[in-house]
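Structural characterization, general
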Amino acid sequence: MKIFVSMATSYGLVGAFILVAIIMWVSYTFAGLIKQKRMGSAIAIMVALVVAFIGGKITGGEKGISDIAMFGGVGLLGGGMMRDYTIVSTAYGVKVENLKKAGLAGTVALLFGIVFSFVIGVAVAWLMGYRDPAELATIGGGVETFVVGPVTGAALGVSSDVIALSIAAGVVKSVVAMILTPLVADKLKINNPTGAMIFGGLIGSTSGVAGGLAATDASLVPYGAMVATFYTGLGCLLTPTVLSLVTNMIF
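Quantities reported herein were computed from a predicted structural model and do not represent experimental measurements.

Counting secondary structure elements, the protein chain contains 12 helices and zero strands. Reading the protein chain from its N terminus to its C terminus gives the helix and strand order α-α-α-α-α-α-α-α-α-α-α-α. On C-alpha atoms alone, the protein chain measures out to a radius of gyration of 19 Å, which is about the 18 Å that the 2.2 N^0.38 rule sets for 251 residues. Taking all 251 residues of the protein chain together, the buried fraction comes to 40%. Accessible surface, the protein chain: about 13200 Å² in total, of which carbon and sulfur atoms supply 72%. Here the protein chain holds 14 positive side-chain charges and 10 negative ones, and the gap between their average locations is 12 Å.

Attention now moves to the nonpolar core. One finds F118, V158, I190, A196, F199, V209 and L213 to be the most contacted residues of the largest nonpolar core, which totals 26 residues. If you list the elements that add at least two residues to this core, you get α6 (96–127), α7 (133–144), α9 (160–184), α10 (193–203), α11 (206–216) and α12 (221–250). Of all the elements, α12 adds the most residues to this core, at six residues. The contact partners of V158, leaving out residues within four places of it in the chain, are A134, E135, T138, G153 and I163.

Scoring rules and cut-offs
- Residues numbered from 1 in each chain as written.
- Predicted model: local features only at pLDDT ≥ 70, side-chain atom pairs only at ≥ 80, totals over all residues.
- Heavy atoms only, no water.
- Helix = DSSP H or I, 4+ residues; strand = E, 2+ residues; numbered from the N terminus.
- Rg over C-alpha atoms; globule rule 2.2 N^0.38 Å.
- Buried < 20%, exposed > 50% of the residue type's maximum accessible area, 1.4 Å probe, protein only.
- Areas by Shrake-Rupley, 256 points an atom, 1.4 Å probe, with all protein chains shown as cover.
- Lys, Arg positive; Asp, Glu negative; His and termini not counted.
- Charge placed at Lys NZ, Arg CZ, Asp CG, Glu CD.
- Core = buried A, V, L, I, M, F, W, Y, C linked by side-chain atoms within 4.5 Å.
- Contact = heavy atoms within 4.5 Å.

Spelled out as structure tokens, the structure:
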């Protein structure tokens, strides 16, 4: 144990990979025991959220398990640099001829998914008692993805509490998408590259789409993740500008 603690503290990424490997092993083992092996990724995310919560409680910090020195590498592994690297590397698995097949349907799904998620988020925020247009737009952006929410909140100058709420909304959406995708994939025809791209455009959450498709058919992950990545970028462009302006005009 002393050797592990010393190694994990000195080489943070090594400790982070070991922790992730253990969580994945436990999650997929449990999923296999309940005859739902396709839900292994979703279970792993829920376990990771619990671990992060416990880490934050133990240390009183703000970065979850990475506040503990021996797990400091988790902050790097889960940070923006590695996230962007994996998004780019995932995109290399796309075949251009299949990407073209999405065509107009993929584009429409992308735009519809952004607007629909935003409207749902604004409606829920309104029912929760929020009335400030900037706060409504931020929570609406969070329902798009947990990246769009904070980008919108920072641009509009809302409080950190509202930004945190927008992130929470995006995380919930991601986990729900990851859990439900393998269960409804056959009924929704998410079993081919075109279907995966349209699904990615409608849902938008890169982690939710990638995790859900990985549990359905790993070969579909690059297609769904590619369009979901466009979703996040387009959401970051439209939400603090056009969508927030429309929200301001209405409310």
